[in-house]
Amino acid sequence: MGLLSRIGNVFRPDRLRREVDEELADHLACAAEEGRGPAEARRALGNAVRHREASMDIRMAGWLDALRSDVLFGIRQLRRRPVITAAAIVSLALAIGAVTSAFRLIDAALLRPLPVADPHSLFVITYSFVNDVTSKADEAESFSYPQFVELREAVKGKAELMVVSYSSRVDLTYGGDDAMERGYRQMVSGSHFRLMGLQPALGRLLSEADDKTPGGHPVAVISHDYWTRRFGQSPKAVGQTFRLGTVLYEIVGVLRPGYTGTETGVMTDFYIPAMQNADAIREPGWQWMRVWARLAPGAEVDPVRQALQASLTANRRERVKLWPADTPKEQLEQFVHSRLELRSAAAGVSSMQRNYRRPLWVLGAVVLLVLLIACTNVANLLTAQAAAREKEMALRVSIGAGRGRLVQLMLVECLLLAGSAAVLGGLFAWWSAPFVVRMINPPEIPARLHLPADWRVLGFSVLLALLVTVLFGMAPALRASGVKPASALKGGDDPHARRRLMNVLVAAQVAFCFLVHFVAGLFISSFERLSNQPTGFATNGVVLLETQVKGNFPANQRPQQNWEEIREKLRGVPGVQKVALSSFALMGSSSSSVAIRIPNRPPDTISPYLLGISRGWLDAMEIRLLSGRDFTLTDRWGAGKPDGPPVESRVIVNEAFARRYFDGQDPVGKSFETHLGKQNQLVRNEIVGYVRDARYRDLREPIRPTIYAPMGESGWGTFAVRTEEQGAVSQGAALRRIVSEARPEFRVVNVRMQADLVREQTLRERLLATLSLFFAAVALILAAVGLYGVLNYAVVQRRREIGIRIALGARSAHVARQVSGDVFVMLLVGSAFGLGAGLAGERFVESLLYEVKGTDLWRLATPALTLLGAALLAAIPPVFLATRTDPATALRNE
């Protein structure tokens, strides 16, 4: 009989049994036709039951039939104890759901390959540098276009290089409509889509011919997702035009679904040729793009890296020749001999990956600890229940059941628990993974991760269910299958051995829980420290209007006059208290720095931050002026002729500037020099103001020396509008209209709140603190349930002993110590192991902490006190039950 028929018969045993009975009846009928009597025919046939079983064994897969029987028996067993079953399933579901959710996030952000041809042959070029703020080695990936051209020539024949800019949010308009829309843009080489192996769904993609002349090919390709959202998949999208800045672009093609750009976490809407960034093409110091490499077939990584390294080193040797002669030799050496690397770009490259790689792995480790706590908890519950099944197992062994057969029976029951929990956990992961993504979304550039529930997630869930089954089911299964029939049938196995196993599991559970709470405490404290970090300026009630000019100014107008006119209009809006202008907002994504020279001092290794501001900006941001004065309309920031006398500029500096360059003394009246522009024109800067320190870009870094310069004649700027706090958010749209009405050639491209920019600085810490707090609460509940189960089991098993002790005069306190003593010893042992693991593992999360150390006494005491409180609460019901034991009833039951 074929295998498929034997498997099919497993699921139709009644039909198979009837067929076998009919065959046996046919044999008896044939014997009767031969003249034998019924009794003689049955004697000749032999044992009918044995024949029936042998025939059925031949016609069905025995192993599968045994498995089916175990499944049905396991279902009945789980239904017999609904409370324990529900507790086990819910606790496992939370843990499995958390692990699956973490896997979905880690897979989507860090592991899932790009949907392109041969993604594992894609690399991004990076180089090392010394961060002048932290003085630590770091890694960068930004290059200029001239550098790209040299690198491309260096590896010709070994690899093909392409330009891939950072994905940025831009504002665009379609046709004659002046209503602005937001989209995410990437500038790429003309060879980008060919090297990625991508095909169009409509029209054509960019080619090398589109990327030859700076600014000469204003064409764009849009993503399938954007085509669906913006055009409803209309074929008329190809040929449409949109205006980006002053350039009109034509849509020439639509990508096939799946590809959303090279930056994981950002879904790029449209792609334009890199040559469209015409201003930056010939600038060797304008680093605005990543350089990607696709290795040629058969090429090795190391020879390509060496060729690129030689090209980068030669390029930098030429560049440092233009540096000032007094530049420190160490700084020159670090720049020239920067090490180049080829990093795998199979899963894309993005700032989200850089910022959240370690946090995601740490959260993955935390949820694995929660899973281990849930598994030990369920293992304890099953171990306690095994006492009630000792006689059943003894009977099975007595009638010939092997140990492997009993292990299978128990593991099938555990698999049913894990499978049910995995289904519920999958539903939890389906909801929680997008929820976590929303938590790390800054309003400016929201993270958009593709989180499909495909074979990768399904395979992980199946493997996780099997792993969980082994983790919590193997120890109880081995113990139950090793029962001794004679001992069990006489009165049961040694309860002390079972309690020792449960106590060991309790210690492990406590250790895992302590570690989760220790890590959660570090993250929560870090978030609190960072959130309460002073910024040095007022944030509430400040509306930021990012504004730019649509085109060029008329010849008879000066930009600064127009900015001042708009500023006066905004100041007249009801509810507006103060209005000022800066190059860009504090704590945003933009920054600028400038190298300076202090007279009679060696060159510095760091470049102070630079920010252009208008008069009144310090007052609007409530940055305190310590001495000197604010800017006036006549103050300028500029550069003179290369061979002419230096231009005098007026600047304001902060306390960090004074500490670093003037020994903390009042710097007003002193001066320093800067070199600006393409030809390093000399500017002499007189310090006219001295202000308090204010955060510039990052809450985490030390406050750097900062120079505030007069706002120059620019085509863009950010208005800081201080309003009444209650109506700040609602006034954004009205303020946008005022700008357009005041000067039609100006447009507000973005409206933000200064408070939101500050809150975005703590997104990572908020994510870690919130999720670790949630998992710590889950771990604590699971640990408390486990402790309760062990104590309750101890009371039930020792009921006769407790009754005798009470009959002999034992006090309640003595009974409570006898019942809970072992468990509280395991609590101390587990806490000790958890503490050691926490201190040893602190270095893995140290880079995610802010001014927090795990060795602080309070950090160590909090998890211990929390666990002790949970243990006391869990011990109250069992201890109360033990102390209220009636000796007569206990002895009578025995």
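As a reminder, the structure under discussion sits directly above these lines.
Residues numbered from 1 in each chain as written. Predicted model: local features only at pLDDT ≥ 70, side-chain atom pairs only at ≥ 80, totals over all residues. Heavy atoms only, no water.

Undergrad: Pulling in residues and values, what's your account of the overall build of the protein chain?
TA: Scanning the protein chain for helices and strands turns up 28 helices and 23 strands. Put simply, the protein chain has 894 residues, and 49% of those count as buried. Of all intrachain contacts in the protein chain linking residues separated by at least 6 positions in sequence, the fraction that spans at least 24 positions is 81%. Within the structure as shown, the protein chain displays about 41,900 Å² of accessible surface, and the carbon and sulfur contribution to it stands at 57%. (Helix = DSSP H or I, 4+ residues; strand = E, 2+ residues; numbered from the N terminus. Buried < 20%, exposed > 50% of the residue type's maximum accessible area, 1.4 Å probe, protein only. Contact = heavy atoms within 4.5 Å. Areas by Shrake-Rupley, 256 points an atom, 1.4 Å probe, with all protein chains shown as cover.)

Undergrad: Any details on the packing of aromatic side chains? Residues and values, ideally.
TA: Tallied over the full model, the rule gives 21 aromatic pairs. Seen in terms of ring centroids, Phe 584 and Tyr 696 are 6.3 Å apart; in terms of plane orientation they differ by 85°. Their pairing is edge-to-face. With Phe 584 in the loop between strand E14 (576–582) and strand E15 (596–597) and Tyr 696 in the loop between strand E20 (681–691) and strand E21 (706–710), the pair connects residues that are 112 residues apart, well separated along the chain. Like Phe 584, the residue Tyr 696 is buried in the burial classification. The rings of Tyr 174, Tyr 226, Phe 231, Phe 242, Tyr 249 and Phe 270 are connected pair by pair, giving a single aromatic cluster. When the ring centre of Phe 231 is taken as reference, the NZ or CZ atom of Arg 230 above it lies at 5.1 Å. The ring centre of Phe 335 lies 4.3 Å from the NZ or CZ of Arg 316, which sits over that ring. (Phe/Tyr/Trp six-rings, centres within 6.5 Å; stacked < 30°, edge-to-face > 60°. Lys NZ or Arg CZ within 6 Å of the ring centre and 35° of its normal.)

Undergrad: Kindly report on the pattern of salt bridges, identifying the contributing residues and their values.
TA: All chains considered together, the criterion is met by 33 salt bridges. The partner of Lys 853 in a salt bridge is Glu 846, and the shortest N-O contact between them spans 3.7 Å. Among the charged side chains, a salt-bridge network with shared partners connects Asp 698, Arg 700, Arg 764 and Glu 765. (Salt bridge = Lys/Arg side-chain N within 4 Å of Asp/Glu carboxyl O.)

Undergrad: Can you break down the nonpolar core residue by residue, with the values?
TA: Counting residues in each nonpolar core, the largest one holds 94 residues, and the members touching the most others are Leu 92, Ile 96, Leu 371, Val 468, Phe 472, Val 516 and Phe 523. When residues of this core are traced back to their parent elements, those giving at least two are helix H6 (82–111), helix H13 (351–386), helix H15 (403–439), helix H16 (455–481), helix H18 (495–531), helix H24 (763–797), helix H26 (812–845) and helix H27 (857–883). Discounting residues that sit within four places of it in the chain, Phe 472 has contacts with Leu 92, Cys 375, Val 378, Ala 379, Leu 382, Cys 414, Leu 417 and Ala 418. Phe 143, Trp 227, Tyr 249 and Leu 312 belong to the second largest nonpolar core, which has 44 residues in total. (Core = buried A, V, L, I, M, F, W, Y, C linked by side-chain atoms within 4.5 Å.)

Undergrad: Lay out the side chain of Arg 316 in plain terms, naming residues and giving numbers.
TA: Residue placement: Arg 316 occurs in helix H11 (residues 301–319). Within the buried set, Arg 316 has no salt-bridge partner at all; the shortest N-O distance to an opposite charge, 9.7 Å, is to Glu 150. Within the structure, Arg 316 has its side chain in polar contact with the backbone oxygen of Phe 335 (distance 2.8 Å). Filtering out sequence-adjacent residues up to four positions away, Arg 316 remains in contact with Tyr 127, Phe 335, Val 336 and Ser 338. (Lys, Arg positive; Asp, Glu negative; His and termini not counted. Polar contact = N/O pair within 3.5 Å; in protein donor to acceptor, adjacent residues only side chain to side chain.)

Undergrad: Lay out the packing of helix H7 (residues 145–154) against H11 in plain terms, naming residues and giving numbers.
TA: Running from amino to carboxyl end, H7 crosses H11 at an angle of 145°, the nearest separation of the two axes being 9 Å. Relative to H11, the crossing made by H7 is right-handed. Contact with H7, carried on its side by Gln 147, Glu 150, Leu 151 and Ala 154, involves Ala 307, Leu 308, Ser 311, Leu 312, Asn 315 and Arg 319 of H11 and no other residues of that element. Classifying every residue of the contact of H7 with H11 by side-chain character gives 5 nonpolar, 3 polar and 2 charged. (Axes fitted to C-alpha atoms, helices over the stretch in contact; angles between N-to-C directions. Left-handed = near helix turned anticlockwise from the far one by under 90°. Nonpolar A, V, L, I, M, F, W, Y, C, P; charged D, E, K, R; others polar.)

Undergrad: Requested: an account of the environment of Phe 148, with residues and values cited.
TA: Note that Phe 148 resides in helix H7. A sequence separation of 143 residues divides Phe 148 from Val 291, and the C-alpha atoms of the two residues are 6.8 Å apart.

Undergrad: Quick one: what's the story with the environment of Gly 265, residue by residue and with numbers?
TA: Secondary-structure assignment places Gly 265 in the loop between strand E9 (247–255) and strand E10 (270–273). Residue Gly 265 is classed as buried on the basis of its relative accessible area, which comes to 7%. On a C-alpha basis, the gap between Gly 265 and His 450 in space is 8.1 Å, while along the polypeptide they are 185 residues apart.

Undergrad: Please give an account of the packing of H26 against H27 that cites residues and values.
TA: Their axes nearest at 10 Å, the elements H26 and H27 cross at an angle of 155°. In terms of their interaxial angle, H26 and H27 are classed as roughly antiparallel. Crossing of H26 against H27: the hand is right-handed. Facing H26, whose interface residues are Ser 812, Val 815, Ala 816, Val 819, Phe 824, Leu 827, Ser 831, Leu 835 and Leu 839, H27 presents Leu 860, Leu 867, Leu 868, Ala 871, Leu 872, Ala 875, Val 879, Ala 882 and Thr 883. For the contact of H26 with H27, the residue count by class is 15 nonpolar, 3 polar and no charged. (Parallel < 35°, antiparallel > 145°, perpendicular 65-115°, else oblique.)

Undergrad: Residue-level account of unusual backbone geometry, with values.
TA: Despite not being glycine, Met 587 has its phi angle at roughly 65°, a positive value. With respect to the helices, strands and loops of the structure, Met 587 is situated in the loop between E14 and E15. Accessibility expressed as a relative area gives 2% for Met 587, which makes it buried. In this structure, Asp 663 takes a positive phi of about 55° despite not being glycine. Along the polypeptide, Asp 663 turns up in the loop between helix H21 (655–662) and strand E19 (671–676). Residue class for Asp 663 comes out exposed when judged on its relative accessible area of 68%.

Undergrad: Tell me about the environment of Val 149, residues and numbers included.
TA: If you trace the backbone, Val 149 turns up in helix H7. For Val 149, a relative accessible area of 29% gives the class partly exposed. Sequence separation between Val 149 and Val 163 is 14 residues; the distance between their C-alpha atoms is 9.8 Å.

Worth remembering: the numbers are spatial, not functional.
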